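Per-entry structural report
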Amino acid sequence: MPSRPPRRMNLNELVDSLERARLHGHGGAYFPTGTKLRAVASQRRRPIVVVNGTEGEPLSRKDRFLLSARTDVVLDGAFCVAHALGADAIVVGVDHRRVQVIDALEQALAGRPELADRGAPVVEVIGVPDGFVSGQETALINFLNGLEAKPTTTPPYPFEKGLRGRPTLVSNAETYAQIGRIVAGRFDGSRHVTVAGAVPRTTVVSVRPGTTVAAALTAAGGVTEPISAILLGGYGGTWAAAAPALELPLDEPTLRAEGLTLGAGIIFALGSSDCGVSEVARVTRWMADQTAGQCGPCVFGLDAIAGALEDLCAPGLPGRDRFRSLAQVQRWCAMVNKRGGCAHPDGVSRYVTSALSVMAHTFSDHAGNGPCDRCEADYRAANAPLRRSVRTGQAVPV
Ligand SMILES: Cc1cc2nc3c(=O)[nH]c(=O)nc-3n(C[C@H](O)[C@H](O)[C@H](O)COP(=O)(O)O)c2cc1C
Ligand code: SF4
């Protein structure tokens, strides 16, 4: 429980503090948070504050960590924003499977002193269907409005017409945690990053500005084998060659100048015993399956890209078919980019095209010589017939 309620600031004071701290959203798009607050405040109707804690990115763990282990600082930020905007409601959206996170939020809310105030905002914690696209802001708003968790085209943007038709500030859980720290005078530019892949286990680390990718890997327990490539920003992010990327500072402007981004704060290290082509094909298939099924380029384009990548890993395909598939991947990625109702296809396009460029040699080797041993093993595991385990009753690969 916080010892005392967070400091209250009016809108101008709060936006000034956020701008001085150069706070940008931690949900992936790196939008300046102060600008977003002003946009919500400029609308006529009374606003609502939404904390996006859905964390649909499979590699990410930082939001569930913050919401369950740093619950009060996230709530400090949300209450502060609600006060500055004059919002009468705060809604925290969390993946419905994260029962511990929901419990932690409910416990923390029971001890919040602000809730005893007259005119305090009503706070609700709502379980949201899992899925990569459920955390996209219009999908989240649609679900909270009683519709399916599927994105809709913008405008109107949530800041104009969001929850209950009212101006809505949707920000990531970590963005509110940063606001909580800024208001308490405890902000030092650190952020939380999830480190995954060739490390002992997926780990959330707090990194100060200037910390390198290599130092973040060390903080997560160190790499378990030599690294062949690094993915920054998760499944909608960008691949980078290991050697220069390891020395890059985890500082968004520097990364952006290199055509990279930490997105929602994810570093994935591809170990040299893993096959990049197989990994990219697997993730692309998963992302294609996450489509909300509403836009042609997303429904058909992502499926076709995943299929062509799978051709490079499938045994028995003639070489000319593999070369054709590789050329099609490149062409189709360009065709789906910016062609969806939301940015889901753009993320897949970025993920795949950066892989093609950073792992060009591995991709052309697969096109020319067929799948490697690792691909064949992955392919066999993925296509193995299932039998029922006598002990657990669960289906297991034979
Ligand atoms: C396909 C897709 C999935 C997204 N998933 C999430 C998510 O799980 N959590 C999140 O905070 N933002 C997610 N976003 C970004 C949100 O739409 C929105 O930009 C974000 O919540 C705004 O918060 P911020 O300003 O604090 O970054 C997603 C965006 C897209 C296109
Ligand atoms: S691009 Fe895909 S996920 Fe986004 S709205 Fe269209 S179908 Fe849904």
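Residues numbered from 1 in each chain as written. Chains lettered and ligands numbered in written order. Predicted model: local features only at pLDDT ≥ 70, side-chain atom pairs only at ≥ 80, totals over all residues. Heavy atoms only, no water.

Neighbouring residues of ligand 1: 17 residues in total, closest G27, K36, E137, N172 and T175. In this structure, G56 approaches ligand 1 through a main-chain N or O atom, which is 3.0 Å from an oxygen atom. Separating an oxygen atom of ligand 1 from a side-chain N or O atom of N172 is a distance of 2.8 Å. The element best represented in the shell around ligand 1 is strand β4 (residues 168-172), accounting for three residues. Grouping the constituent residues of the shell around ligand 1 by class yields three nonpolar, 11 polar and three charged. (Near = heavy atom within 4 Å. Polar contact = N/O pair within 3.5 Å; in protein donor to acceptor, adjacent residues only side chain to side chain. Helix = DSSP H or I, 4+ residues; strand = E, 2+ residues; numbered from the N terminus. Nonpolar A, V, L, I, M, F, W, Y, C, P; charged D, E, K, R; others polar.)

On to the domain arrangement of the chain. Annotation of the chain at the domain level lists domain 1 (11-184), domain 2 (191-271) and domain 3 (276-382). Placing a centre on the C-alpha atoms of domain 2 and another on those of domain 3 gives a separation of 23 Å. Contacts between the two partners involve 12 residues from domain 2 and, on the opposite side, 14 residues from domain 3. Taking both sides of the interface into account, the surface hidden between domain 2 and domain 3 amounts to around 1,000 Å²; carbon and sulfur atoms contribute 70%. Remark: the boundary between domain 2 and domain 3 carries zero salt bridges. Connecting domain 2 to domain 3 are three residue pairs in polar contact (both at pLDDT 80 or more). Secondary-structure elements contributing two or more residues to the side of domain 2 that touches domain 3 are β7 (227-232), β8 (238-241) and β9 (266-271). Among the residues forming the side of domain 2 that touches domain 3, the class breakdown is eight nonpolar, four polar and no charged. (Domains from an automatic or database assignment. Contact = heavy atoms within 4.5 Å. Buried area = accessible area lost by both parts, 1.4 Å probe. Salt bridge = Lys/Arg side-chain N within 4 Å of Asp/Glu carboxyl O.)

Moving on: the sheet that holds strand β1 (residues 48-53). The four strands lie next to each other as β3-β2-β1-β4, forming an open sheet whose pairing is parallel. What marks the edges here is a single partner per strand, and that holds for β3 (122-128) and β4. Here the strands of the sheet are splayed against their neighbours by 20° on average, with no regard to which way each runs. In the sheet, β1 pairs with β4 via five bridges, with the strands oriented parallel. Residue pairing in the sheet places N52 in a bridge with N172 of β4. The strands touched by helix α6 (residues 137-144) within the sheet are β1, β2 (89-95), β3 and β4, with β3 carrying the most contacts at an inclination of about 105°. (Pairing = 2+ DSSP bridges. Axes fitted to C-alpha atoms, helices over the stretch in contact; angles between N-to-C directions.)

A few words on the side chain of D63. Inspection of the secondary structure assignment puts D63 in helix α3 (residues 62-69). Among the polar contacts listed, one links the side chain of D63 to the side chain of K62, at a separation of 2.7 Å. Once you skip the residues sitting within four places of it in the chain, D63 turns out to touch N52, E55, N172, A173 and E174.

Right, let's get into the environment of D311. Inspection of the secondary structure puts D311 in helix α12 (residues 296-313). Taking relative accessible area as the criterion, D311 reaches 26% and is therefore assigned partly exposed. With 14 residues separating them along the chain, D311 and S325 place their C-alpha atoms 6.8 Å apart. Leaving out residues up to four positions away in the same chain, D311 has contacts with L317, R322 and S325. (Buried < 20%, exposed > 50% of the residue type's maximum accessible area, 1.4 Å probe, protein only.)

Around ligand 2, a shell composed of 13 residues is seen, among which A292, Q294, C295, C298 and C342 lie nearest. When its residues are assigned to classes, the shell around ligand 2 shows seven nonpolar, six polar and no charged.

What follows covers helix α2 (residues 33-41). By the burial criterion, the buried members of α2 are T33, G34, L37 and V40. Seen end-on, α2 carries its buried residues on one side only, within an arc spanning 125°. (Arc of directions from axis to C-beta.)

What follows is about the sheet that holds β9. What links the strands of a sheet is backbone hydrogen bonding, and the strands pair in either a parallel or an antiparallel sense. Reading across from one edge, β6-β5-β9-β7-β8 is the order of the five strands in this open sheet, with mixed pairing throughout. Across the chains shown, the open sheet's two edge strands, defined by having one partner strand only, are β6 (203-207) and β8. For this sheet the average axis-to-axis angle between neighbouring strands, irrespective of direction, equals 30°. Of the pairings in the sheet, the one linking β7 to β8 comprises four bridges and is antiparallel in character. Within β8, the residue paired with A229 across the bridge is A241. Across the sheet, α3 lies against β5 (191-197) and β6, angled at about 130° from β5, the strand it touches most.

Running from N to C, α12 and helix α13 (residues 319-336) point in directions that differ by 155°, and their axes come no closer than 9 Å. Here α13 runs roughly antiparallel to α12, going by the angle between their axes. Along this stretch, α12 crosses α13, giving a crossing that reads as left-handed. Seen from α12, the contacting residues are P297, G301, L302, A304, I305, A308, L309, D311 and L312; seen from α13, they are R322, S325, L326, V329, W332, C333 and V336. For the contact of α12 with α13, the per-class residue count stands at 12 nonpolar, two polar and two charged. (Parallel < 35°, antiparallel > 145°, perpendicular 65-115°, else oblique. Left-handed = near helix turned anticlockwise from the far one by under 90°.)

The next thing to look at is the pattern of salt bridges. Throughout the structure, instances matching the rule amount to 22 salt bridges. The partner of R98 in a salt bridge is D95, and the shortest N-O contact between them spans 3.9 Å. Here R98 falls in the partly exposed class, since its relative accessible area comes to 22%. The exposure class assigned to D95 is buried, which follows from its relative accessible area of 3%. One salt bridge connects R285 with E310, and the closest N-O pair in it is separated by 2.9 Å. Within this pair, whereas R285 is found in helix α11 (residues 276-289), its partner E310 is found in helix α12, the two being separated by 25 residues in sequence.

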